[in-house]
Amino acid sequence: MSTYMISISNADVQKDGTIHDPSNKLKVKAFNLLKARFKPRKGEVRFFVTAGDEKLAFETEGYERHRQLHILQMISHYCVYLGLLEAQIHTHLPAA
């Protein structure tokens, strides 16, 4: 399994951060959908995570044909880091 770096800018919004893969410079931004506004950007890949009451959005930053499996590994690493072991990853935000 690859090693990823996680940067979180503000301790108050702990679920907003960025996952970095130092081997290929891929970045995936995380957004807490309950506390932050998420506006999808054109040309980027996005996934959504639900875990209990938590709802997160993940979007690539500078997407350049990276494999989706690689992006999903980065997201699962982030969820484990946050302790969201029951996290489910979706391609679209599930209806409430």
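Here the structure is a predicted model, which is why all the values come from computation and not from measurement. Along each chain, residues carry numbers from 1 onward, in the same order as the chain's sequence is written. Two thresholds apply to this predicted model, a pLDDT of at least 70 for residue-level local features and 80 or more for giving and counting side-chain atom pairs, whereas whole-chain, interface and lining totals are computed over all residues. Computation of side-chain values: all heavy atoms of the structure, hydrogens and water removed.

Peer 1: Explain the overall build of the protein here, please?
Peer 2: The number of helices and strands found in the protein is one helix and six strands. Over its C-alpha trace the protein gives a radius of gyration of 12 Å, about what one expects of a compact globule, namely 12 Å for 96 residues. Based on the C-alpha atoms only, the size of the protein along its principal axes is roughly 35 × 25 × 25 Å. A 1.4 Å probe rolled over the protein chains alone gives each residue an accessible area, and that area as a share of the maximum for its type sets the label: buried under 20%, exposed over 50%, partly exposed in between. Among the 96 residues that make up the protein, the fraction classed as buried is 38%. Taking the contacts inside the protein whose residues are at least 6 apart along the sequence as the reference set, 51% of them involve residues at least 24 apart. Residue burial considers only the protein chains on display, and all accessible areas are found by Shrake-Rupley using a 1.4 Å probe. Summed over its atoms, the accessible surface of the protein is roughly 6200 Å², and 50% of this surface lies on carbon and sulfur atoms. Residues scored as charged are limited to Lys and Arg (positive) and Asp and Glu (negative), so that His and the chain ends carry no count. Just so you know, the charge point we use is NZ for Lys, CZ for Arg, CG for Asp and CD for Glu. Positive and negative charge centroids in the protein, built from 13 and 10 side chains respectively, lie 7 Å apart. Secondary structure elements are taken from DSSP: a helix is a run of H or I of four residues or more, a strand is a run of E of two residues or more, and numbering for both begins at the N terminus. Note that the radius of gyration is over C-alpha atoms, with the globule rule given as 2.2 Å times the number of residues to the power 0.38. Only heavy atoms matter for contacts: two residues are in contact if any of them lie within 4.5 Å across the pair.

Peer 1: Explain the nonpolar core to me, please; I cannot follow it from the model alone.
Peer 2: Proteins that are soluble and globular tend to have nonpolar side chains buried together. We define a nonpolar core as any set of buried Ala, Val, Leu, Ile, Met, Phe, Trp, Tyr and Cys residues linked to one another through side-chain atoms lying within 4.5 Å. By size, the foremost hydrophobic cluster in this structure holds 18 residues, and its most contacted members are Ile19, Val28, Phe58, Ile71 and Ile75. For this core, the secondary structure elements donating two or more residues are strand 3 (26–32), strand 4 (46–51), strand 5 (54–61) and helix 1 (68–82). Considering every element that reaches this core, the biggest residue donor is helix 1, with six residues. Apart from residues lying up to four places away in sequence, Val28 is in contact with Gly17, Thr18, Ile19, Phe58, Glu59, Thr60, Ile71, Met74 and Ile75.

Peer 1: How should the sheet that holds strand 1 (residues 5–8) be read in this particular structure?
Peer 2: Two orientations exist for strands paired in a sheet by backbone hydrogen bonds: parallel and antiparallel. On the basis of which strands lie adjacent, the open sheet formed by six strands has the order 1-2-3-5-4-6 and antiparallel pairing. Two strands in the sheet have a free side with no partner beyond their single neighbour: strand 1 and strand 6 (88–90). Along the sheet, successive strands turn relative to each other by an average axial angle of 25°, direction set aside. One requirement defines pairing of two strands: DSSP has to find at least two bridges between them. Pairing of strand 3 with strand 5 involves six bridges; the strand directions are antiparallel. Of the residues in strand 5, the one forming a bridge with Lys29 is Glu59. Here an angle of 0 to 180 degrees is reported between the N-to-C directions of two axes, which are lines fitted to C-alpha atoms, with helices fitted over the stretch in contact.

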